[in-house]
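This is what each chain is made of:
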Amino acid sequence: MRIDVLSLFPQAVDAGTGYGVVGRARERGLLQLQGWNPRDYATDPHRTVDDRPYGGGPGMVMTIEPLRAALAAARAAAPEPARVIHLSPQGTRLEQAGVRRLAALPRLILVCGRYEAIDERLLQAEVDEELSIGDYVLSGGELAACIVIDAVGRLLDGALGDSDSAQQDSFGDGLLDCGHWTRPEQHALGAVPEILRSGDHLAIARWRRQQALGRTWLRRPDLLARATLDDRDRDLLAQFITQWRQRC
Ligand code: ADE
């Protein structure tokens, strides 16, 4: 997959996606990332990329031309058609299903804004979709772009060591993940749950599923309402709820 990023701070995106699973995916060529700085395409001596907003008000607006030229250069750098995405708090909120959809595309161009906004004409003419990473406002799109690249990059074929682990993650099947433990078995902070030490793989899988259902019920009932549960899941959850109520 190829991802081009338009940003006044391309180094921030490079650094934010240079480590761990996604850093390795980049090193191995599974993910090709290239930054494009609109300032390099500004034509005036001061390399200006912003101007005051029509109608007044605070802040500056990113002008059309430097962004348009940077975008044209990015598009021309590879033959694959690219989906152009503007990171914005006004966009559709990104969820794991959206991440999977993006990971199946050959190429993305992420447009990161700074200042108050990007001129609306550029957005309407060039952008295919707007994505938000959550209902809060960042000072620019770069961190949001890093999040998109990280979430997408780890889903690329071969990026994760164990191909199962993406499915077992939180949201892999619409539920939160269960808890995890490692050595030591006994610690001043507590013991590892007995069942995980039993060696009974079927019982462990069942217990983990129950924990995932229960944790989702406790913490994110909105997700549970949207998840597809079978009869066995419903039984496991009912049992979890009964035990939980007894403990309270
Ligand atoms: N830019 C600023 N805030 C943002 C957000 N919440 N999501 C995506 N891009 C942004």
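Residues numbered from 1 in each chain as written. Predicted model: local features only at pLDDT ≥ 70, side-chain atom pairs only at ≥ 80, totals over all residues. Heavy atoms only, no water.

On to a nonpolar patch on the surface, then. Together, Tyr136, Leu138 and Leu143 give the surface a local cluster of nonpolar side chains, amounting to about 300 Å² of exposed area. Looking at the secondary structure, you find leucine 138 in the loop between strand S8 (129–132) and helix H6 (142–153). (Patch = residues over 30% accessible without salt bridge, like charges linked within 9 Å, V, L, I, M, F, W, Y side chains within 5 Å. Areas by Shrake-Rupley, 256 points an atom, 1.4 Å probe, with all protein chains shown as cover. Salt bridge = Lys/Arg side-chain N within 4 Å of Asp/Glu carboxyl O. Helix = DSSP H or I, 4+ residues; strand = E, 2+ residues; numbered from the N terminus.)

What follows deals with helix H8 (residues 201–219). Side chains three or four residues apart in an α-helix point the same way, a direct result of the helix having 3.6 residues per turn. The first and last C-alpha atoms of H8 sit 26 Å apart over 19 residues, in line with the 27 Å expected at 1.5 Å per residue. Taken residue by residue, H8 has Ile204, Trp207, Gln210, Ala212, Leu213, Gly214 and Thr216 as its buried positions. (Expected span 1.5 Å × (residues − 1). Buried < 20%, exposed > 50% of the residue type's maximum accessible area, 1.4 Å probe, protein only.)

For the chain, the domain assignment lists domain 1 (2–153) and domain 2 (172–247). Taking only C-alpha atoms into account, the centre of domain 1 sits 38 Å from that of domain 2. (Domains from an automatic or database assignment.)

Moving on, we get to the packing of aromatic side chains. Inspection of every chain in the model, using the stated rule, returns three aromatic pairs. With a centroid separation of 5.2 Å and 85° between ring planes, the pair formed by tryptophan 217 and tryptophan 244 is classed as edge-to-face. Of this pair, tryptophan 217 sits in helix H8 while tryptophan 244 sits in helix H10 (residues 231–247), and the two are 27 residues apart along the sequence. With a relative accessible area of 21%, tryptophan 217 lands in the partly exposed category. (Phe/Tyr/Trp six-rings, centres within 6.5 Å; stacked < 30°, edge-to-face > 60°.)

Another point: the site of the ligand. With respect to spatial proximity, the complete set of residues near the ligand consists of Leu87, Ser88, Pro89, Leu131, Ser132, Ile133, Gly134, Tyr136, Val137, Leu138, Gly140 and Ala144. Within the backbone of isoleucine 133, an N or O atom sits 3.0 Å from a nitrogen atom of the ligand. For the ligand, a nitrogen atom lies 3.1 Å from a polar atom in the backbone of glycine 134. With the chains in place, 96% of the 260 Å² that the ligand exposes on its own is no longer accessible. Among the secondary structure elements, those contributing two or more residues to the shell around the ligand are strand S5 (83–93) and S8. Broken down by element, the shell around the ligand gets its largest block of residues, three residues, from S5. (Near = heavy atom within 4 Å. Polar contact = N/O pair within 3.5 Å; in protein donor to acceptor, adjacent residues only side chain to side chain.)

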